Amino acid sequence: MTTSLVLAICAHAVLASSPLVDFDRMGKVGLAGAFAGLDIATNSSSITFDPSTASLLARSSDGSLSKLASTNAGGSILAGCAIGDAFYVAGNFSSIGGTSASNIASHSSGSFSALGSNGPNGPVHALYCDSSRKQVWAGGQFSSPGASVAVWDTASSSWSAAPFGGLTGAAAEVLSITSNSSQSSLFFSGSFITSFGNGSVPLNSTNNPNVPFSSGATPFSSSLVPVPLQDAQISPSSTGGQFGNVENILCPGGADGPGNTWLAPDGNKAVITVRKFAFLTARGIRLGNTFLNGRSTTGFSVATIPDNAVRQLHYLDPTDNQNKTCTDPCPLLTDSTVPYQDFLFDSDLDITGFQLTLSEWQGSGPGLHILQLLSDGAFASSIDSLNGQSCFAPSASSTQRTGDWEEKDADTSIAGTTQKVLVSTVDVGTSAASGPSFTWMPYVSASGQYDVNLLVPGCTNFQDCALRTSVKVTVFPGGGQQPWVTTISQQNTADNATLIYRGPIVPTSPAFQTTVTLTLADDPVGNGQNGKYEIVADRVQLILTSANVTANSNASSTSNSTANAERGFGFLEWPLSASSTTSTTGVLPTSALTSLDTIGFDLLSALGGTSSVASGSSSPLIAAVAHHPSGAVFLGGQFTLSSGPASGASNVVMFKDGALAALPNGGMNGPVASLVILGDNIYVGGSFSDTLHASNSALKGIAAYSVSGNSWSALEGGVDGAVSSLDTANNQVLVAGNFTKVLTSSGDIDGQNAAGFAAWDASSSSWVNNGGFIVGSMTFVGNGTSSSPQLVAGNVASSLRFGASGFVMLQNGPGGEPQVTPLGVQFDATTAPKSAAKTRRSHHRRVGAGWIPTLNVLNVFKRQTTATLEPLPSSAPAPAPAVLAGAFWTNSSDSNNELVIIGGNFSYTAGGSQAQNVAIYDDQSKTVTPLRGNQPNGTVRSLVVKGNSLFVGGEFTVSGIEGSGFAMYDLANQRWDSAGLQPLQASSGSTVTVRSITANPANDNLVIIAGSFAQAGSTPCRAICSLNTQTKQWGALGNGIQGDVAAVAYAGNNALVAAGSIALADSSHANVAAYSLSNSTWSSVGNGGDLPGPATAVEVNDGNVNSIFAAGRSTDGSSPFLYFWNGQSWSSIGSTLQGSTDVAQLTMVPLQTDHNHDGNDIIQADRVLLVSGSLTDSSFGNASSALFDGQSFTPYIVSTSDSGAPGTVASLFHSFATFSFNQRHFLATGVVILISIAIAAGIVFLLALIEILWTLFARRDDKVNNYDAVDMDADDDSTHRPSSLLEHINAATRSTILGSSPFGPHAEKEAGLAAVGAGAAATTHDDPFSGPDASNYLRAETPSDALGGVLDGDEHSRPAYARYSFHGEGEGELPVRAGQELEILDDRDPAWWYARDMRTGQEGVVPASYVY
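Conventions used here
Starting from 1, residues in each chain are numbered consecutively following that chain's sequence as written. Only residues with pLDDT of at least 70 get local features here, since the model is predicted, and only at 80 or more are side-chain atom pairs given and counted; chain-wide, interface and lining totals rely on the full set of residues. For the side-chain quantities, the full set of heavy atoms in the structure was used; hydrogens and water were omitted. Buried and open spaces are told apart on a 1 Å grid over the protein atoms alone, a cavity being a set of points where a 1.4 Å probe fits but cannot get out and a pocket being an open set with protein on both sides within 12 Å along at least five of seven lines. Residues with an atom within 4 Å of a point are the lining residues. Grid points are joined across faces, edges and corners, and a volume is the space filled by probe spheres set on the points. Here a helix means four or more residues in a row that DSSP labels H or I, a strand means two or more in a row labelled E, and each is numbered from the N terminus. Under the scheme applied here, ten amino acids are nonpolar (Ala, Val, Leu, Ile, Met, Phe, Trp, Tyr, Cys and Pro), four are charged (Asp, Glu, Lys and Arg), and all others, including Gly, are polar. DSSP-based pairing: two strands are paired if at least 2 bridges between them are found. Residues belong to a common nonpolar core when they are buried Ala, Val, Leu, Ile, Met, Phe, Trp, Tyr or Cys residues joined through side-chain atoms within 4.5 Å. Residue exposure (1.4 Å probe, protein chains only): buried if accessible area is under 20% of the type maximum, exposed if over 50%, otherwise partly exposed. We count a salt bridge whenever a side-chain nitrogen from Lys or Arg sits within 4 Å of a carboxyl oxygen from Asp or Glu. Only rings of Phe, Tyr and Trp enter the pairing, Trp through its six-membered ring, and a pair is recorded when the two centres are within 6.5 Å. The plane angle decides the type: under 30 degrees is stacked, over 60 is edge-to-face, the rest tilted. Criterion for a charge above a ring: Arg CZ or Lys NZ at most 6 Å from the ring centre, at most 35 degrees from the ring normal.

K.L.:
I tried to follow the layout of surface pockets on my own but got confused; where do I start?
P.N.:
Rolling a probe over the atoms, with the probe sized like a water molecule, indicates the empty space that remains. Considering only enclosed or pocket space, the second largest pocket measures out at about 1,400 Å³ in volume. Lining the second largest pocket are 47 residues, and of these T998, Y1050, H1214, F1216 and A1217 lie nearest its centre. When residues of the lining of the second largest pocket are traced back to their parent elements, those giving at least two are β63 (882–891), β67 (937–946), β72 (993–999), β77 (1041–1051), β81 (1095–1100), β85 (1142–1150) and β89 (1208–1214). With seven residues, the top contributor of residues to the lining of the second largest pocket is β63. Here the residues of the lining of the second largest pocket are counted per class, giving 26 nonpolar, 15 polar and six charged.

So, in structure tokens, the structure goes:
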């Protein structure tokens, strides 16, 4: 069954244009993940692909792909070429891009156009664009406007036959049109006969005499035996009456009339469904119209079952005697002189039934007189009940047997169906003469050329492989011909159709019937099982390849007899300057001969003459031709030469020095489909695995032949399937075909993902990233127009613009749009160990562990207990090749070149050596360098670079390094640097997993390592530890935490935020917890139950602890969540995220100037939150990254795996450690300098000087000893925060100029602290200027040194009160009110003290002078 897969790659609806992220503000930016293809989501509708259609994609200069259009279902694209800005595309289709076009169309200015109305009436396999003459040459299998060749003139917009008339004979098919090396003549190749001389070629014109004649049938179609439908299920059921039984038209016994005609209900279209519920092979359908009472069917369509595909049909139109095609509707003539018409499918189809829709009619309604399903020739089953009598047949196919046979059921190639077969068991050692035998006697309606196949079910499904052996098959074709005897093996594991005869067969008559007899082979293969062999009798299939009227003819559809004519096969050279030589006989004059036409003559002779090139499934053909500048002509296809100088050559041969010559080792062991020249090499693509005489098993699907060296070379290990088309561009060989991987060596089975399309770089002799991403079976690649340098086509399941092995670089592009630069190399798959967390459960789509941090502060814990925690969701899926982490390193030994270090689950070859999981990537040269020494064995999930030290975390081991999950590497000296480093240790029953490595912003010598582990060496620091990079000593973070950490982030230099499944030391749950870098204490962010489950990702908005985002999954794993912390409480902001969402990373990214969104209480207008992982949202569908502006999500990045399933983005990382979100408009340097001087010198110093002088002289005249509270100056009101610039300067200068006590009118509360101050004066007055010269006045903003640092080593805190109200709006600040009670935790800084609100427990910094 053919399943139509429609895969939506982009989000199905994007409601608003994506904001423009400012990547350049972050430095260099990398994006890593588990994906093979990637694109930026746009506001356009979704890009979908239906693999039952053929899709055409444009390939830009950077290799990125974009879809142009698709054909109708069942269509194919086989060729293309360009003239100017117009690209011509051809194949076998009825529409493309929604434009009705038969087999060929043009694409220009973004739209498709049909080429006239009288173009090729059959499949087009080849195109050649002659730009100088503005002509498009088309070759294929059609009869109009010329036989197999037609020419489109772009100037006159008209079709014409080729100047030489056309090409006929053999299969009458042109497969390739190319030019010679000087582009002065054209080479045509395929399966056809060329004739040069003055002979005549009479054509057959008589229909099968055993079938009633109709001008709506051809000799070929009338020779096809109808499939018996007597036992089929047919609807609609009989409605009674003389015209209500549809079964009456299957094989009518009389003329159009009662009992022989079926009429549908008046005024309605009719649907007739015929089901056999068994495997059958069909070639077409026969319909006879009714003409009763003015009723007739005029239009219909046919859909096959079980694939429900509406089929394209081919028919002969008797009104103009032209071959035509149709799909829906197909016309049915209302001419009573045409009793029936035959409509043929594109090829033989394996089906179980069909559905006929009568959609158009004249008169009261539709109706039919004849309905028959045509076979592909003739047939016979081993089961007699399946050999029903066909219409117009005097008898049915029959069988005879000897020995014991029993019936069994065998699976067929159609899912869900079985076929009955017969088997016979025979003792090992039994002779063929005494063993069982089986004979089929198929009914053959007409003479013709036939391929006879024996169908053998695979032994795997039959579960009898050990019993299978070989059999001898004898075919008696009749007509005085000798019988054909073939020995074949029945040990095939899958269903197989083996050719047992090819040639003429005479029709069944009372005097003769073709027979096919099966017996045990004379020398059976295999050992049998338990002393027994088993032989199988299924069906014989006679496939008509050519109809003829005499039993002894060896030709196809054309007689062989010509007078004084020289013949060639499969090749014709035609000079473009030659004049027309059209001949009604198809014979070219000898004046049209060229020296290279000898190739055709020599091929026909070497193949054994015209009888050896008759049309058939394995008949010889020339599929490709290439003319090397040296003069040698290379021909590839499907053939074996049996005579001449190149005797024995197989599938590829060279014509040089006037004769055919075999290539080394006899050519290839399978068909060749395409040839292309690049430099000295001929690149050969096809369905082969080695040379004919095995010499190099790496020649899989593609090989290179050196003309000068006369030798074959491999393209690493080749590809894992068939190659259908080759082209060259930018010193690369572009390869299209039906394969899934490129192989790096002859024994490689994993390879690099390249589903249908790959690029070979000739200069580096390696497979490289082709730039785009495709999953499909590709049929064509070729050069295009200036706007689309190359075009790629085929049956595409999915495609994205950029292809990359898990990594791309991002930067601002033209117009501010994101510019994507894929990884310039291809990574291979490698096997990574499973996550160590064996006991952790996962939901139906595995949840990704976070790669991002967050922050805030609340409940401080004190004592160590054990908590029961929910497990973290499983680590993010990382099928190889996947990149999960990255960091930037400035290589000081290489002109400070900034390189990218990436880690994950992948392997690659660099410098001839294998490496894995970590790579140093140079994005300028597009090359990778491995780490020297042993390679990490496992998955790398986190990377950090400090100077020349690389810190590696994940789930891996390195041979020679103690422990797992973490290692250090010396980048300068290129060696592992873990000597003296104690390993991380796992909890019992698990392994170490490091998910996060970050640099401590408060201490340049520390890095923070977090994940799942019990301790570091002898240091008990579960889940998170600090590492001194100088001493390699581990340290615990405060009292530590319990559980597992998924991500870490920072709130500036003040605090660290950890997210995961966490409990504090006192066992209180805190899936997001903060660690104060200043006082080494842990606290939960919010209450432990505020989040619905463990957190996998966290982000702090520009270091603001009152703006935190956390994502994860609910405790039961059923749903994702995204929450926001506003400094007081958590709230859900991801309600539209659906159950299959996995969030791997949260990160704030800046927006470009003038592209702000509407700001809100959650996210400022100049930034957005980038949510990455594998996302599904009710508003946009699927994405790998989305932008959240505080109110809604916008899909941003879509990605896919090599199979076409959605991919995952693991992390975005950048080279700038910090950057500003604020959008600044910078002035010229000179202007900035002038403004700076004016502000700094002219304002600051001047105002300061004025205030100092004013304060000095004003205070010296005060009579402070007679102070009364009611006389206090307004500017000295200590109970309010200074409210102006002058007041701040006044307060800041008092202690410097005058000196005084910092205590105001609250002496009763401050007496204790005042006694500590070295300069405090004993006084009973509240006046701050109580000294005779106000010498004890201190700065309002900064406490005196005598008061700072009063906490001694044994004292952890002291009480205090707020002098002024302080709003505390900045990062890490604590808002207080005047008179509020506080607890001072740290007073060592002279300007800012770290305090705790005694009421709420909230902590932060306050101005020291605001506290007493």
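K.L.:
Would you mind going over the sheet that holds strand β68 (residues 949–957) with me for this structure?
P.N.:
The strand order across the open sheet built from four strands is β67-β68-β69-β70, with neighbouring strands paired in antiparallel fashion. Of all the strands in the sheet, the pair left with one neighbour each is β67 and β70 (975–976). Where strand β69 (residues 966–970) and β70 come together, two bridges link them in antiparallel fashion. The residue of β70 that forms the bridge with D970 is R975.

K.L.:
Which parts of the structure should I look at to understand the nonpolar core?
P.N.:
Soluble globular proteins tend to bury their nonpolar side chains together. By size, the foremost hydrophobic cluster in this structure holds 52 residues, and its most contacted members are F1109, L1146 and V1171. One finds L374, A393, V426 and L544 within the second-largest nonpolar core, a separate group that totals 35 residues.

K.L.:
Explain unusual backbone geometry to me, please; I cannot follow it from the model alone.
P.N.:
The general pattern is negative phi for most residues beyond glycine and trans for most peptide bonds. With an omega dihedral of 10°, the bond running from S235 to P236 counts as a cis peptide bond. Within the fold, P236 resides in the loop between β19 (233–235) and β20 (262–263). For N308, which is not glycine, the phi torsion reads 55° and is therefore positive. Residue classification places N308 among the exposed residues on the basis of a relative accessible area of 59%.

K.L.:
It is not clear to me how the pattern of salt bridges should be interpreted in this structure. Could you clarify?
P.N.:
Oppositely charged side chains are able to pair whenever their charged atoms sit close together. In this structure the tally under the stated criterion is 29 salt bridges. Its salt-bridge partner being K532, residue D427 comes within 2.3 Å of it at the nearest N-O pair. Of the two residues, D427 sits in strand β32 (residues 418–427) while K532 sits in strand β39 (residues 532–537), which places them 105 residues apart along the sequence. Taking the relative accessible area as the measure of exposure, D427 reaches 40% and is therefore partly exposed.

K.L.:
Please clarify how the pairing of β32 should be interpreted in this entry.
P.N.:
Regular strands place side chains that alternate from one sheet face to the opposite one. Of the strand pairs in this sheet, strand β31 (residues 406–411) and β32 are connected by six bridges, and their pairing is antiparallel. Paired with D411 across the two strands is T418, which belongs to β32. As judged from the six bridges shared by β32 and β39, these two strands associate in the antiparallel manner. Paired with V426 across the strands is Y533, a residue of β39.

K.L.:
Looking at this structure, how should I read the packing of aromatic side chains?
P.N.:
What describes a pair of aromatic rings is the distance from one ring centre to the other and the angle between the planes of the rings. Evaluated as defined, the whole model comprises 32 aromatic pairs. Here Y1364 and Y1410 contribute two aromatic rings whose centre-to-centre distance is 4.7 Å and whose plane-to-plane angle is 75°, an arrangement assigned as edge-to-face. Highlighted residues: Y1364 in the loop between β90 (1358–1361) and β91 (1381–1386) and Y1410 in the segment after β93 (1403–1407), separated in sequence by 46 residues. On the basis of relative accessible area, Y1410 is assigned to the buried category, the value being 2%. Clustering of aromatic rings is evident, with ring pairs tying together W137, F164, F188 and W574. Lying across the ring of F49, K67 places its NZ or CZ 4.7 Å from the centre.

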